[in-house]
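In case you want the letters, here they are:
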Amino acid sequence: MEKDQNLYYACSIEKTLNSLDTDLNGLSDSEASKRLSEHGSNKLQEGKKRTLFGMLLEQFKNVMVIILIIAAVISGFLDELTDTFIIMAIVIINAVLGVVQESKAEKALEALKQLSAPNAKIKRNGMVSIIKAEEIVPGDIVILEAGDYVPADMRLLESANLKIEESSLTGESEPVMKTTGTIEKTGLVIGDRTNMAYSGSIVTYGRGTGIVTGTGMNTEVGKIAKFISSNEKEATPLQKKLKELGKYLSIAVVIIAAVIFATGVLQGREYLDMFLVAVSLAVAAIPEGMPAIVTIVLAIGVQKMSKRNAIIRKLPAVETLGSTQVICSDKTGTLTQNKMTVMELFCSGKNISSEKASASDENMKAIINIMTLCNDTKLSISNNSIDTIGDPTETALVEFAYGKGINKNILEEEISRIAEIPFDSDRKMMSTINRYNRKNRVFTKGAPDILLDRCSSILIDGKQSALDNTNRELVNTAYGKMADKALRVLAVAYRDMEEIPKKLDSQNIENKLVFAGLIGMIDPPRPEVKDAVQTCRSAGIIPVMITGDHRDTAAAIAKKLNMIDDERQVLTGAELDKISDEDFVEGVRKYSVYARVSPEHKVRIVKAWRKLGKVVAMTGDGVNDAPALKSSDIGVGMGITGTDVSKGVSDMVLSDDNFATIVVAVKEGRKIYNNIRKAIQFLLSANMGEVMTLFLATMLNWTVLFPIHILWINLVTDAFPALALGVDKAESDIMKQKPRRANSSIFSDGVGVNILYQGLIESAITLATYFIGLKAYGEGVAITMAFVTLGLIQLAHSFNVRSNTKSIFKIGLFSNRYLISAVLISAFLQVIVVILPGLNDIFKVEALNLKQWVIVMISSLIIIPAVEFVKLVKNK
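Conventions and cut-offs
Residues numbered from 1 in each chain as written. Predicted model: local features only at pLDDT ≥ 70, side-chain atom pairs only at ≥ 80, totals over all residues. Heavy atoms only, no water. Helix = DSSP H or I, 4+ residues; strand = E, 2+ residues; numbered from the N terminus. Contact = heavy atoms within 4.5 Å. Areas by Shrake-Rupley, 256 points an atom, 1.4 Å probe, with all protein chains shown as cover. Lys, Arg positive; Asp, Glu negative; His and termini not counted. Charge placed at Lys NZ, Arg CZ, Asp CG, Glu CD. Axes fitted to C-alpha atoms, helices over the stretch in contact; angles between N-to-C directions. Parallel < 35°, antiparallel > 145°, perpendicular 65-115°, else oblique. Left-handed = near helix turned anticlockwise from the far one by under 90°. Disulfide = S-S within 2.5 Å. Pairing = 2+ DSSP bridges. Core = buried A, V, L, I, M, F, W, Y, C linked by side-chain atoms within 4.5 Å. Buried < 20%, exposed > 50% of the residue type's maximum accessible area, 1.4 Å probe, protein only. Polar contact = N/O pair within 3.5 Å; in protein donor to acceptor, adjacent residues only side chain to side chain. Salt bridge = Lys/Arg side-chain N within 4 Å of Asp/Glu carboxyl O. Phe/Tyr/Trp six-rings, centres within 6.5 Å; stacked < 30°, edge-to-face > 60°. Lys NZ or Arg CZ within 6 Å of the ring centre and 35° of its normal.

**Student:** Which parts of the structure should I look at to understand the overall build of the protein?
**Tutor:** Looking only at helices and strands, the protein features 37 helices and 26 strands. Taking contacts inside the protein between residues at least 6 apart in sequence as the whole, the part at least 24 apart equals 72%. When the accessible area of the protein is evaluated, it comes to approximately 37,700 Å², of which 56% is carbon and sulfur surface. Charged side chains of the protein number 100 positive and 98 negative; the gap between the two group centres comes to 4 Å.

Structure representation (structure tokens):
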């Protein structure tokens, strides 16, 4: 049945009834019970929920964390219980931080369930009854009325001015006028299946009946739920890079341990002693604090971004934004205001912009009166702000009139409605009869091409003139100009009547009308989006519009935003269906706008870009956006207009629904990634210095450092500067740089080389200081000098890694106040363990005299001119 479900719109009513083995009297109770057993309840299946323990376990599925746990266990076997305790504390803190950020589990399926109606009015055994919506089965006859949620997918059998708002599925807020006739075309998107009603949509006007074609997981909403629950998120670029880093460190640790062990054995040392030395050295190679530092830097970024209206739901998403290369954005409510707005009017023979329109002009006032009175919108005013309830097109007209000083409520008191002929899809018109200047005046609005044929005269400059061919051509030309701008156009007209006919029908009322004018409307772009799109382009990011709206409207909005300059860059869903996946991947770069698309199309577009190796962000607010949000590298939901479903599957939510906020988030993401790389370079060059120091010392049979020294430097002395580097300011040209490649290594752009040579410099200086101390003062003082030098040299080096190309004196030595504070605190901690009695015994160090301190300070600062010289040579 699921295959047929997609084609019911192409079937006649009779064929649909036969296919579902039912009739207009509905199913019998026994048959309904049988089908309920066969098809199951009309509700969405719940996905498997992650437990708190499950989320905690996920935090340990990380190479770096596993290495740390192994290091902690080995340290325990070596009776270094302090090391074991500190390492495990770091691992647990890191895991708790991760769980706290992700503990708000996915609520997407729960929100989808809320779209289901609790009760429904159906016909069974020829009788109308109300049942729970979850008891509906395929073949049931459902009765729909204004205000109802549609309880299941259905083929419409009757439609009396039935309008259904399907924005949760199509993304378009304009209610769709429903029909019952067979649609000959196949391959239509949901928005074009006008003889179908879909679960979760809302009846806004009229009434109708339909035969249920799909329930539960076999509805369009069910398909989305199935996709959400089954589609797992891939690892983010940062997670992939940290995994890569963990792999390299694992290999390095094994090689270092093996080389040390082999060297010692060849020198004739004891096997067990060399094993213990090799393991100690391997533990020294691991930057224990790095996972926690990366997590904390991301968490700080989350807090900063929340103040800029970007709420991050998943920590790694912060960094992913920085590598975004394509932003696929929904149009309605994201690039546009999600609000129909009057943009242009045709009055007295000429087109006038809405800003220049004035109610002081008699002709314009007549147009405004008609659009206001021939209108079912409810208007309420509170504290000079207005609230409108009704059809989006009609509310736009009332709001426009209010902006021109005409209050619908007051106008209706003066010109009261006494009769009406409601809108219907056949006439494409609506008329009201109001009492006006002691006369009965008919006010009519409708489709221009149809309404014009009902008119015999035209209002120009306050006077009625014959609607001859010249004037008709004038109106048609104006209509064409508006249509070319993708405006939704309404015509308005009126006539006076001495007496109201007893029979109120279109033939008696809607003829011999006076044509008053045209009104052009559109859902306009957000004013700030144009600049945001330009900023994206400058940053090397490709903006792509994806919408369920019509091709012409999408193209018009895209041109206004400078997203396209040629309509050949627009592709419809129907055209996309004719392109194979392979060909689409090859040609996806040619298209910047997609119109009349379905949820499946959105997923195809996202996947096509990802197959090209691009990092893709997808923005959206409707249920229809959820699969694509889930498929993208980073899903961006809308906080105000967004459904709970779209927010539930998003990595980031914009609390102001502002596309421009994405640009801010991308900038912050780029800054955070750069800062994480700085922290990693700082930590790994420090560890490289430690490893090389211990390696060479072992080769020379020197005792330079004890295990507690390495752990102290890794977790205490290095931690604060690494965190401070994580909140460094962004480079001034960061949004003029091209996005980094998703597959680029964390060691690219010279970072790996810098780690190696800077670590070697640190090692050489430390060993030189030890040698001076050993020759002049003895081993105890030499070890102390080496320990203090290695700690302080890394603090000095933290200034170097702020930029791999620019001099620290150009950046500003004191421009990162957090780094200054961190270095001072860490330096204090490094010094205090040497000079404070009791502590120096724990750390196996001795107090130093003034001369020894001077040697240590000079040695520690040498790293700065050394790295500055390398930068100078590289830049030359």
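Moving on from the model shown.
**Student:** Please explain the packing of helix α28 (residues 659-699) against helix α30 (residues 719-726) as it appears in this structure.
**Tutor:** Angle between the axes and distance between the axes are the two parameters that describe a pair of packed helices. One way to put it is that α28 packs onto α30 with a least axis distance of 7 Å and a crossing angle of 155°. Between α28 and α30, the crossing angle belongs to the class labelled roughly antiparallel. α30 is crossed by α28, and the crossing has right-handed handedness. Residue-level inspection shows Asn 675, Lys 678, Ala 679, Phe 682 and Leu 683 of α28 in contact with α30, the latter providing Pro 721, Ala 722, Leu 725 and Gly 726.

**Student:** I would appreciate a short explanation of the state of the cysteines in the present structure.
**Tutor:** Scanning the model with the defined rule gives zero disulfides in all. Looking at the unpaired Cys 328, the closest cysteine sulfur is the one in Cys 536, lying at 12 Å. Free cysteine: Cys 374, not disulfide-bonded; nearest cysteine sulfur from Cys 455 at 13 Å.

**Student:** Explanation requested: the pairing of strand β14 (residues 417-424) in the structure shown.
**Tutor:** Pairing between β14 and strand β15 (residues 429-436): five bridges, direction antiparallel. Bridge pairing in β15 links Ala 419 to Ile 433. Following β14, the chain reverses through four residues before pairing antiparallel with β15; Lys 428 in that reversal takes a positive phi of roughly 60°.

**Student:** Help me understand the nonpolar core in this model?
**Tutor:** General note: in soluble globular proteins, nonpolar side chains tend to be found buried as a group. Counting 126 residues, the largest nonpolar core has Phe 515, Leu 518, Met 652, Phe 659 and Phe 787 as its most contacted members. At 15 residues, α28 tops the list of elements feeding residues into this core. Discounting residues that sit within four places of it in the chain, Phe 659 has contacts with Ile 327, Ser 329, Thr 334, Leu 335, Val 529, Ala 532, Val 533 and Cys 536. Counting 44 residues, the second largest nonpolar core, distinct from the first, contains Leu 20, Ile 211, Val 326 and Phe 584.

**Student:** How should the side chain of Ser 632 be read in this particular structure?
**Tutor:** Mapped onto the fold, Ser 632 is located in the loop between α26 (626-631) and β25 (634-638). According to the relative accessible area criterion, Ser 632 is buried, its value standing at 2%. At 3.5 Å, the side chain of Ser 632 forms a polar contact with the backbone nitrogen of Gly 635.

**Student:** Please explain the environment of Ile 765 as it appears in this structure.
**Tutor:** Looking at the element boundaries, Ile 765 is found in helix α31 (residues 751-777). In this structure the C-alpha to C-alpha distance between Ile 765 and Ala 786, which are 21 residues apart in sequence, comes to 8.9 Å. Ignoring anything within four residues of it in the chain, the contact list for Ile 765 reads Thr 789, Ile 793, Ser 859, Ile 862 and Ile 863.

**Student:** Would you take a moment to explain the pattern of salt bridges for this structure?
**Tutor:** Any two side chains of opposite charge can pair, so long as their charged atoms come close to each other. This model, assessed by the stated rule, comprises 33 salt bridges. Its salt-bridge partner being Lys 602, residue Asp 330 comes within 3.7 Å of it at the nearest N-O pair. Linking Asp 330 in strand β9 (residues 326-330) with Lys 602 in helix α25 (residues 599-611), this pair joins segments that are 272 residues apart in sequence. For Asp 330, a relative accessible area of 0% gives the class buried. What makes Lys 602 buried here is its relative accessible area of 1%. The partner of Lys 671 in a salt bridge is Glu 668, with the nearest N and O atoms 3.1 Å apart. Residue Lys 671 and its partner Glu 668 are located together in helix α28, separated by three residues, close to a single helical turn. Each member of the pair, Lys 671 as well as Glu 668, carries the same accessibility label: buried.

**Student:** Any chance you could explain the sheet that holds strand β26 (residues 652-654) here in plain terms?
**Tutor:** Strand pairs in the sheet, formed through backbone hydrogen bonds, run parallel or antiparallel to each other. Taken together, the eight strands give an open sheet; going across it, the order is β8-β26-β25-β24-β9-β21-β23-β22, and neighbouring strands pair in mixed fashion. Two strands lie at the open edges of the sheet, namely β8 (310-312) and β22 (570-572), each paired on one side alone. Between one strand and the next, the sheet's axes are offset by a mean angle of 20°, whatever the strand orientation. Judged from the two bridges that link them, strand β21 (residues 542-546) and strand β23 (residues 593-595) form a sheet pairing that is parallel. Directly across from Met 545, in β23, lies its bridge partner Val 593. Packing against the sheet, helix α22 (residues 551-560) makes contact with β21, β22 and β23, and its axis sits at approximately 155° to β23.

**Student:** Looking at this structure, I do not really get the packing of aromatic side chains. What am I missing?
**Tutor:** Each aromatic ring pair is summarised here by two numbers: the centre-to-centre distance and the angle between the ring planes. Evaluated as defined, the whole model comprises six aromatic pairs. Ring geometry for Phe 584 versus Tyr 594: centroids 6.2 Å apart, planes at 85°, classification edge-to-face. One end of the pair, Phe 584, is in helix α24 (residues 581-587); the other, Tyr 594, is in strand β23, and 10 residues separate them in sequence. For Tyr 594, a relative accessible area of 0% puts it in the buried group. Here the aromatic cluster, defined as three or more aromatic residues joined through ring pairs, consists of Phe 584, Tyr 591 and Tyr 594. We note Lys 163 situated over the ring of Phe 423; from NZ or CZ to the ring centre the distance is 5.1 Å. Its end group placed over the ring of Tyr 673, Arg 740 keeps NZ or CZ at 3.3 Å from the ring centre.

**Student:** How do you make sense of unusual backbone geometry when you look at a structure like this?
**Tutor:** Residues apart from glycine generally show negative phi values, whereas peptide bonds are mostly found in trans. Phi angles above zero are rare outside glycine, and Asn 125 is one such case at about 55°. By the element assignment, Asn 125 lies in the loop between β1 (119-124) and β2 (127-132). For Asn 701, which is not glycine, the phi dihedral falls at a positive 65°. Here Asn 701 lies in the loop between α28 and α29 (707-717). According to the relative accessible area criterion, Asn 701 is exposed, its value standing at 59%.

**Student:** Please explain the pairing of strand β19 (residues 488-497) as it appears in this structure.
**Tutor:** The side chains of a regular strand alternate between the sheet's two faces. Across the 10 residues of β19, eight count as buried, placing the element largely inside the fold. In this structure, strand β16 (residues 439-446) lies alongside β19, joined through seven bridges in antiparallel fashion. Its bridge partner being in β19, Gly 446 is matched across the sheet by Ala 491.

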